[in-house]
Amino acid sequence: MPAQFDRDGPPAPRGGLILLQVLILGLFCLFIARFWYLQILRGDNFAELARSNQIRETSISSPRGVIWDRNGVLLAVNEPSFALGLVREDCPDITATLNQIAEWTGLETSTLQEIYLRGKKRVKTFEPLILINDLSFETLAKIESNLVFWPGLEIIVRHKRFYPRGELLAHVLGYVAEANEEELEKDPTLALGDAVGKQGMEYTLENRLRGQKGRKQIQVDALGRELEEQVIIEPKSGNNVTLSIDLGLQEHCAQQLEGQAGAVVVLDPDTGQVLAMVSQPSYDNNLFVLGLSANKWQELRDDPMHPIQNRVSQSVYPPGSVFKLLMTTVGFATGMLKYTDSTVCGGSYKMGNHEFHCWKKGGHGHIDLRGALVNSCDVFFYQLGERLGVDRINAVATQCGLGVATGVDLPHERPGIVPSTAWKKKRYGVAWTRGETLNTAIGQGYVQLSPLQVARFVGSLVNGGRILKPLLDANDPALEQGRLPINDKDREFIVSAMVATVDAGTAHKIWRPDARIGGKTGTAQVVKLINADERKKTVDMPYKYRDHSWLASFGQKDGKSYVVVCMVEHGGHAGEAAAPVVKAVYDYLFGPVRGQAAAKPQPSGDTAAPAASD
Amino acid sequence: MTPIDRHLIFSLNWQLLLLVAALFTVGVFNLYSASGVRVEEGVALSPYYQKQVIWGLAGLFCMVVVMLPDYRYLKSLAWPLMCLTLILLALVPVMGRSVYGAKRWLDLGAMNFQPSELAKISVLLLASRMLANDSCKLGWLGLFSVLAACMLPAAMIVVQPDLGSGLNILLLLGGLILYRGLTGGVFKTLILAVPAVMPLAWRFLKPYQKQRILTFLNPENDPLGSGYHIIQSQIAVGSGKVWGKGFLEGSQSQLRFLPEKHTDFAVAVFSEEWGFIGVVVLLSLFAFFLLRIYVSARDAKDRFGSFLCAGVFFYFFWQITINIGMVIGLMPVVGIPLPFISYGGSATIVNFCLIGLVQSVSMRRYVFKKS
């Protein structure tokens, strides 16, 4: 029988019993003290923490202002976009979930893994981590019907900027894209994933277009599940903007440049408003909105035709003979040129032992100022340039806003160059040479202007001498940036010479009987030609060595006035590429010419040959 | 088998029984609140408290079964039970079910069985038997023989990994050894050896276990990760203030900020809803509960009985210390439930069995030696 009591010695060890008593007492006192500390001494503190635990404040996104053209056509709108998000805390098996998403979307699992790992660092476990942006409706339907089986997955509706006309206005509107680290740091109101303007008007007008976020308080449980919500601050949507752009005109201009590289800008000279601003080739700005892949970005950036560049304001070119309008202005402004000044053009101008050629091989013969402008005689302007000197040219050009940024509301504008002796010294460290003055005089060499500057200058010639800031917002008041430094009579002389150039000179191609049109052509040499004899016909030259073709013009009919400037890269001589574009623009602005058979004044014999119309 | 006579019924430790009933009732009510979750409309209940009542009734039955036979028979069962435990523990890595990356369960068809629960009882029996055989203080030889017999199951449980249960067994064993008392030389040597062994033990811990200890030392390091439990639990307790937020009104638990609120952090739910007053009542219940077990150990008729009661005392004492200590931020987060308050089927059964053991000892305190 094993059931016996041990009889040797006392049953319970004395020390052990004391130990048990001490332990009970110690535990009770320690815990009471700690609960006293937590619940009574710091109770209010913890109660406050518990209250703020349940209330989560979040912001309410506000829609960005839309953009219209001057006639109220929508150019930039907000569309709902569906994204797939993953809340890590609710997802029991992330690998399986990612695999399933790969199956739904056809994306590589490794790609999803990569996105997931990147997002993991920034997104809290109870917030959705965006895996895929902008789901197609087909994928959305597939995922939505299976969503209940995959805890942690969420479809998130966001606003997405959409540009219905894409390429047509990419350079004017620019685009929005997700704010980067730098922008997030600078602006505390921005949150990860918010879109900000990166280019064009979207960038410049960011403050007006972006709305003010609202705030709401949500009672949540620990899983972030929202139980009740209350709006504290209503969101304010951004301001809408009406552009001065006329969509129809813009489209028409773009069609004319289709397939070529170049720029067209149409201004209202009396207000400075830009009615059309076309840069070709273009790109689809919608691509940037939801993030451009590295490949696509590289492809766009390295495209030899530079589709991203806005050729109207961000590109500068030698203006060629268009610059002669400025040379005449400089002559009048300095009092060193009279209407009656004349010269004999023998086809070239000798300086030292170097000959500077006129574009017309045989020369223009005896020619006065008006004739030199109408027929674009180089020799006349070589001599004028010699008399004036480059520093006077530079000073007046600056007053006229050439070689100076226009201040248009677009980022990254280039100011271009009208050289001076000081400029060359600073830039190249060597002295100015007289020959360079001659090149400057015909708009070659160092001179580089943007089409927008030329348009502003031509506008000031026809609007009474006011240099106006080119405006893209239809509601901006006209802003006078300066005045031409010549009197009205001299200015009218230049304008009438431009009209004569269209009536019977190098720009005759854009003539029409029912409007007053004035113009000046220009050819910007891409490669320096030492000898005019080497000048080949455009078609015989490789594309990248062909000249840039310019035409700066204005047109007036029935009280309406427009400035149209066109520049076609590598378009050959002025009349070849730019003139048909400008003519088509006036056809749009003034309507087709009624009775095409209307009598035309005979162009002078000098300009009959289209290949040599500069 | 000793027949059940009326003396035994009269000698029952009724106070202990009443205290257990009170604690269990508090536990069920608290579970009712802890299993409530505020959803969009109203409160949703998960049926933990109902299951707990069923487990409690089953436990009560087990308790009666355990207290009826004379506890002295268990002495001869100690070794065979330990062998069975070791076999089952060895089977776990081979054919056990894996849950959350740990293999702790054996699938017995109808139900899952944790051999670690059995190990607690077999260590209690074996250690009591070995320590009760003599009344003088424990020397080196005695210490090592007890450790040799009981350390193996503890080690097997720790590597499962189930740090909580392993720790529970080791602490029970340690408590029993201290209850017996060590000779001066052994005691002093051990005191000096502890600092030397600590870094060694640290190296054997798994990374997540180290993380828990580090987080305990500085919870603000990782407020949304592993420090979350510690912070939220203290917020829950503290925000109860003096009078508590009221039954079913604890925002921390109803809104799910409290993790594991029906198991390890159940007492945080209680503290939030009943405040300091409720806590004092609950702690008093636990103190009297331990005191009743102490009385049973003191009044036991023989040393084996006394040691059994002391073992049960330590089993509960450490669980209460670690669990509440964890909730109020005095201990690192270890998955040890609070007896009678936390939800848990097998833990409830084991708890009631152990109470049955104490009752068995206690009600036989007046029985004189037969034969």
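Residues numbered from 1 in each chain as written. Chains lettered and ligands numbered in written order. Predicted model: local features only at pLDDT ≥ 70, side-chain atom pairs only at ≥ 80, totals over all residues. Heavy atoms only, no water.

Here's the deal with the overall build of chain A
Phase 1: Regarding its fold elements, chain A presents 21 helices and 21 strands.
Phase 2: A buried classification covers 52% of the 614 residues belonging to chain A.
Phase 3: When contacts within chain A are restricted to residue pairs at least 6 apart in sequence, long-range pairs at least 24 apart make up 72% of them.
Phase 4: A total accessible area of about 27500 Å² is found for chain A, and carbon and sulfur atoms account for 52% of it. (Helix = DSSP H or I, 4+ residues; strand = E, 2+ residues; numbered from the N terminus. Buried < 20%, exposed > 50% of the residue type's maximum accessible area, 1.4 Å probe, protein only. Contact = heavy atoms within 4.5 Å. Areas by Shrake-Rupley, 256 points an atom, 1.4 Å probe, with all protein chains shown as cover.)

Description of the overall build of chain B
Phase 1: The helix and strand inventory of chain B stands at 14 helices and five strands.
Phase 2: Within chain B, the fraction of its 371 residues that count as buried is 53%.
Phase 3: Sequence-distant contacts, at least 24 apart, represent 73% of the contacts inside chain B between residues at least 6 apart.
Phase 4: Here chain B displays about 16000 Å² of accessible surface, and carbon together with sulfur accounts for 71% of that area.

As for the packing of helix α13 (residues 323-334) of chain A against helix α15 (residues 378-388) of chain A
If you want to describe how two helices pack, look at the angle between their axes and the distance between the axes.
Residues and elements named next belong to chain A.
Phase 1: Two numbers describe how α13 lies on α15: the axes approach to 11 Å, and their chain directions differ by 40°. For the element pair α13 / α15, the angle class is oblique. Judged by the sense of rotation from one axis to the other, the crossing of α13 with α15 is left-handed. For the pair formed by α13 and α15, the contact residues are Lys 324, Met 327, Thr 328, Val 330, Gly 331 and Thr 334 on the first element and Asp 378, Phe 381, Leu 384, Gly 385 and Leu 388 on the second.
Phase 2: Here the contact of α13 with α15 is composed, by residue class, of five nonpolar, four polar and two charged. (Axes fitted to C-alpha atoms, helices over the stretch in contact; angles between N-to-C directions. Parallel < 35°, antiparallel > 145°, perpendicular 65-115°, else oblique. Left-handed = near helix turned anticlockwise from the far one by under 90°. Nonpolar A, V, L, I, M, F, W, Y, C, P; charged D, E, K, R; others polar.)

With respect to the packing of helix α6 (residues 140-158) of chain B against helix α7 (residues 163-180) of chain B
Residue and element names in this part refer to chain B.
Phase 1: Packing of α6 against α7 leaves a shortest axis separation of 8 Å and a crossing angle of 165°. Considering the angle they form, α6 stands roughly antiparallel to α7. For α6 against α7, the interelement crossing comes out right-handed. Residues Leu 143, Val 146, Leu 147, Cys 150, Met 151, Ala 154, Ile 157 and Val 158 of α6 pack against Leu 163, Ser 165, Gly 166, Ile 169, Leu 170, Leu 173 and Ile 177 of α7.
Phase 2: Grouping the constituent residues of the contact of α6 with α7 by class yields 13 nonpolar, two polar and no charged.

Observations concerning a nonpolar patch on the surface
Phase 1: Residues Ile 87, Leu 91, Val 94 and Met 95 of chain B make up a contiguous nonpolar surface patch of roughly 390 Å² in combined accessible area.
Phase 2: With respect to the helices and strands, Met 95 of chain B occurs in helix α4 (residues 74-95). (Patch = residues over 30% accessible without salt bridge, like charges linked within 9 Å, V, L, I, M, F, W, Y side chains within 5 Å. Salt bridge = Lys/Arg side-chain N within 4 Å of Asp/Glu carboxyl O.)

Thoughts on the packing of aromatic side chains
Residue and element names in this part refer to chain A.
Phase 1: Under the definition given, this model contains 37 aromatic pairs over all chains.
Phase 2: With a centroid separation of 5.8 Å and 50° between ring planes, the pair formed by Trp 432 and Tyr 446 is classed as tilted. Of the two residues, Trp 432 is situated in the loop between α17 (421-428) and α18 (434-441) and Tyr 446 in the loop between α18 and α19 (451-462); the sequence distance between them amounts to 14 residues.
Phase 3: Looking at Trp 432, the relative accessible area reads 14%, which means it is buried.
Phase 4: The class of Tyr 446 is partly exposed, set by a relative accessible area of 22%. (Phe/Tyr/Trp six-rings, centres within 6.5 Å; stacked < 30°, edge-to-face > 60°.)

Points about helix α14 (residues 345-362) of chain B
Phase 1: The end-to-end C-alpha distance of α14 of chain B, which contains 18 residues, comes to 26 Å, matching closely the 26 Å that a straight helix rising 1.5 Å per residue would cover.
Phase 2: Taken across its 18 residues, α14 of chain B has 17 buried, putting it largely inside the fold. (Expected span 1.5 Å × (residues − 1).)

Section: the nonpolar core
Phase 1: Leu 243, Val 264, Val 266, Leu 326 and Leu 589 of chain A are the most contacted members of the largest nonpolar core, which has 120 residues in total.
Phase 2: Looking at this core, the element that brings in the most residues is helix α21 (residues 574-590) of chain A, giving nine residues. (Core = buried A, V, L, I, M, F, W, Y, C linked by side-chain atoms within 4.5 Å.)

Here's the deal with the confidence of the model for chain A
All names here are of chain A.
Phase 1: Chain-level pLDDT for chain A is 84 on average; 87% of the residues reach the 70-or-more range.
Phase 2: The weakest mean pLDDT in chain A belongs to strand β1 (residues 55-60) at 66; the strongest belongs to α19 at 95.
Phase 3: Counting contacts from residues 529-535, a segment whose pLDDT is below 50, to residues more than four positions away or on other chains yields eight contacts. (pLDDT = per-residue confidence, 0-100.)

Re the side chain of Ser 360 of chain B
Residues and elements named next belong to chain B.
Phase 1: Residue position: Ser 360 is located in helix α14.
Phase 2: By relative accessible area, Ser 360 is classed as buried at 0%.
Phase 3: In this structure Ser 360 touches Val 66, Met 67, Pro 69, Asp 70 and Tyr 71, once residues within four positions along its chain are discounted.

Quick notes on the environment of Arg 158 of chain A
Residue and element names in this part refer to chain A.
Phase 1: Residue placement: Arg 158 occurs in strand β5 (residues 153-162).
Phase 2: Residue classification places Arg 158 among the partly exposed residues on the basis of a relative accessible area of 23%.
Phase 3: Along the backbone, Arg 158 and Glu 79 are 79 residues apart, and their C-alpha atoms lie at a distance of 8.2 Å.

Overview of the sheet that holds strand β19 (residues 516-524) of chain A
Residue and element names in this part refer to chain A.
Phase 1: One open sheet accounts for five strands, arranged β12-β11-β21-β20-β19; its pairing is antiparallel. The two strands at the open ends of the sheet, each matched to only one other strand, are β12 (274-280) and β19. Across the sheet, the mean angle from the axis of one strand to that of its neighbour is 5°, orientation sign disregarded.
Phase 2: As judged from the nine bridges shared by strand β20 (residues 548-557) and strand β21 (residues 560-568), these two strands associate in the antiparallel manner. Note on β21: the bridge partner recorded for Ser 549 is Val 568. (Pairing = 2+ DSSP bridges.)

Focus: the environment of Ala 372 of chain A
All names here are of chain A.
Phase 1: Residue placement: Ala 372 occurs in helix α14 (residues 369-374).
Phase 2: Overall, Ala 372 belongs to the buried group, its relative accessible area being 0%.
Phase 3: Each C-alpha atom of the pair Ala 372 and Thr 343 lies 9.2 Å from the other, and the pair is 29 residues apart in sequence.
Phase 4: Leaving out residues up to four positions away in the same chain, Ala 372 has contacts with Ile 367, Cys 377, Phe 380 and Phe 381.

Re helix α16 (residues 390-399) of chain A
Residues and elements named next belong to chain A.
Phase 1: All of the buried residues in α16 are Val 390, Ile 393, Asn 394, Val 396 and Ala 397.
Phase 2: Of the surrounding elements, those touching the buried residues of α16 are α13, α15, α17 and α18.
Phase 3: Positive phi shows up at Gly 401, right after α16, with a value of about 85°.

Describing unusual backbone geometry
Phase 1: Put simply, Gln 280 of chain A and Pro 281 of chain A share a cis peptide bond, and its omega is -5°.
Phase 2: In the Ramachandran plot, His 306 of chain A falls in the positive-phi region, its phi being about 50° despite a non-glycine side chain.
Phase 3: For His 306 of chain A, the location among the structural elements is in the loop between α12 (294-302) and α13.
Phase 4: Despite not being glycine, Phe 340 of chain B shows a phi value in the positive range, around 70°.
Phase 5: You can see Phe 340 of chain B is positioned in the loop between α13 (303-327) and α14.

As for the pattern of salt bridges
Residue and element names in this part refer to chain A.
Phase 1: Under the definition given, this model contains 28 salt bridges over all chains.
Phase 2: Across the pair Glu 202 and Arg 64 runs a salt bridge whose closest N-O atoms are separated by 2.9 Å. Separated by 138 residues along the polypeptide, Glu 202 in helix α8 (residues 200-204) and Arg 64 in the loop between β1 and β2 (67-68) bring together distant segments of the chain.
Phase 3: Using a relative accessible area of 10% as the deciding quantity, one classes Arg 64 as buried.
Phase 4: Arg 491 is paired through a salt bridge with Glu 492; the nearest N and O atoms lie 3.8 Å apart.
Phase 5: Classification of Arg 491 by relative accessible area gives buried; the value is 5%.
Phase 6: What makes Glu 492 partly exposed here is its relative accessible area of 38%.
Phase 7: Overlapping salt bridges, with partners in common, bring together Arg 64, Arg 161, Glu 202, Glu 206 and Arg 210 in one network.

Points about the state of the cysteines
Residues and elements named next belong to chain A.
Phase 1: For the structure on display, the rule yields zero disulfides over all chains.
Phase 2: Cys 345 provides the cysteine sulfur closest to Cys 377, a residue in no disulfide bond, and the two sulfurs are 3.8 Å apart.
Phase 3: According to the relative accessible area criterion, Cys 377 is buried, its value standing at 0%.
Phase 4: Cys 566 takes part in no disulfide bond, and the closest cysteine sulfur, belonging to Cys 253, lies 8.7 Å away.
Phase 5: Classification of Cys 566 by relative accessible area gives buried; the value is 0%. (Disulfide = S-S within 2.5 Å.)

Quick notes on the environment of Thr 183 of chain B
All names here are of chain B.
Phase 1: As for its placement among the helices and strands, Thr 183 is situated in the loop between α7 and α8 (184-204).
Phase 2: Given the relative accessible area of 28%, Thr 183 is considered partly exposed.
Phase 3: Those residues in contact with Thr 183 that sit more than four places away from it in its chain are Lys 137, Leu 138 and Gly 139.

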